[in-house]
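Take a look at the letters that make up each chain.
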Amino acid sequence: MRSHRTVTAAALTLVLATLAPVLAACSSSDSPGDKDAVRAVDPRPSGSTASGRTVATYTPATAMSASDLATTVERLKARAAAFGLDGTRIEQHGSLITADAPGDSGDRLRQLAATAELTFRAVKGDRAAGPAEVQQRFNALTCPATGTPPLSEPQEPMPACDSDTGRKLLLGPVALDGEDVKSAKSDLTTGGGTTWVINLSFTDRGAQDFATVTTDLSQQTPPANQFAILLDDKILSAPSVQQAITGGEAQITGDFTRQRAADLAALISTGALPVRLTVSDVARQP
């Protein structure tokens, strides 16, 4: 029987649980000589008549080293497989990257470009505090936030909007990040109603850090007992912590559709991209 220890939140929860192992992203080539092809399960329903291909072009927001570019290509391939984009080709053309997928796949190819930087930050309060620059950023932020915020410095406090309450929160430095997550998998749970969730399993180091942070937060008063979970600097959840979580497992739950939970799990499990990509062009070809 599973044992659960729950950290409460308005719409999202962290749960201590014994979870099944991981979401596996796998890739293989179309043919022995084609190293850039990615194969996975065809996401189109049986009988689909979609034809042609869709090509997306990604432009790095900043200059990339050859190593970062190679890592980006490999992670895009893994994401395409995890997303179920059958027959997708990810190729490098100088400093540009293209993704070529069957059918009308524009929306899915755009999702591939998400940076997917997962971070965990303690909530410091709901008022401006700290250096003048931080206070200015906090006062300038309007909730709900619009547009895509620039990625913040891991060691710097940052203001953000709580998606559950609409409040502005001041968050502390990054306590854990995606490198501390060993696996992420979407699943269906019936606890408190049938909902789609994302199960996380931390590395040994991540589990230890998670236990340390939640032990400290459980002794704080609201809102300083909250732990914000962010993806690309957007808060997915800011649950309050009632007790230390020492099992190295967590669960993100909320108003997720099956596809949204699967996509988030795929992005987290395949790792963040080294640099933000801009989708500079999406073209449908017959």
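Not measured: the values here are computed from a predicted model.

## Topic: the packing of aromatic side chains
Reasoning step 1: Considering all chains together, one arrives at five aromatic pairs under this definition.
Reasoning step 2: Geometrically, the ring pair formed by F120 and F227 is tilted, given 5.9 Å between the ring centres and 45 degrees between the ring planes. With F120 in strand β7 (residues 118-125) and F227 in strand β12 (residues 227-231), this pair connects stretches of sequence that are 107 residues apart.
Reasoning step 3: On the accessibility criterion, F227 (0% relative accessible area) is buried.
Reasoning step 4: Ring pairing ties together the aromatic residues F120, F202, F210 and F227, which thus form one cluster.

## As for the sheet that holds β7
Reasoning step 1: Here five strands make up an open sheet; going across it, the order is β8-β9-β7-β12-β13 and the pairing antiparallel. Edge positions in the sheet fall to β8 (158-161) and β13 (234-237), since each of these pairs with one other strand and no more. Ignoring strand direction, the axes of neighbouring strands in this sheet form an average angle of 50 degrees.
Reasoning step 2: Pairing between β7 and β12: five bridges, direction antiparallel. Paired with T119 across the strands is L230, a residue of β12.

## Re the pairing of strand β9 (residues 168-177)
Reasoning step 1: Of the strand pairs in this sheet, β7 and β9 are connected by five bridges, and their pairing is antiparallel. Counterpart to T119 in the pairing with β9 is D177.
Reasoning step 2: Hairpin connection, β8 to β9: the antiparallel pair is bridged by six residues, and G166 has positive phi, about 80 degrees.

## Some words on the nonpolar core
Reasoning step 1: Ranked by size, the top nonpolar core spans 48 residues in total, and within it Y58, L112, F120, I198 and L200 carry the most contacts.
Reasoning step 2: Per-element tally for this core: the top contributor is helix α5 (residues 258-270), with six residues.
Reasoning step 3: With near-sequence residues (within four places) excluded, Y58 lies in contact with L76, L96, I97, A99, L109, L112, A113, L277, T278, V279 and S280.
Reasoning step 4: Counting residues in each nonpolar core, the second largest holds nine residues, with V123, A160, L171 and I235 among its members.

## Observations concerning the pattern of salt bridges
Reasoning step 1: In the structure shown here, the tally under the stated rule is six salt bridges.
Reasoning step 2: Notably, a salt bridge pairs K77 with E74, separated by 3.5 Å at the nearest N-O pair. Taken together, the residues K77 and E74, both in helix α1 (residues 66-83) and three residues apart, mark about one turn of the helix.
Reasoning step 3: By relative accessible area, K77 is classed as buried at 7%.
Reasoning step 4: A salt bridge links R167 to D126; the nearest nitrogen and oxygen atoms lie 3.3 Å apart.

## Topic: the confidence of the model for the protein
Reasoning step 1: Counting all residues, the mean pLDDT for the protein is 80, and 80% of those residues have values of 70 or more.
Reasoning step 2: Confidence over residues 1-49 falls short of pLDDT 50; this stretch has 123 contacts with residues more than four positions distant or in other chains.

Conventions and cut-offs
- Residues numbered from 1 in each chain as written.
- Predicted model: local features only at pLDDT ≥ 70, side-chain atom pairs only at ≥ 80, totals over all residues.
- Heavy atoms only, no water.
- Phe/Tyr/Trp six-rings, centres within 6.5 Å; stacked < 30°, edge-to-face > 60°.
- Helix = DSSP H or I, 4+ residues; strand = E, 2+ residues; numbered from the N terminus.
- Buried < 20%, exposed > 50% of the residue type's maximum accessible area, 1.4 Å probe, protein only.
- Pairing = 2+ DSSP bridges.
- Axes fitted to C-alpha atoms, helices over the stretch in contact; angles between N-to-C directions.
- Core = buried A, V, L, I, M, F, W, Y, C linked by side-chain atoms within 4.5 Å.
- Contact = heavy atoms within 4.5 Å.
- Salt bridge = Lys/Arg side-chain N within 4 Å of Asp/Glu carboxyl O.
- pLDDT = per-residue confidence, 0-100.

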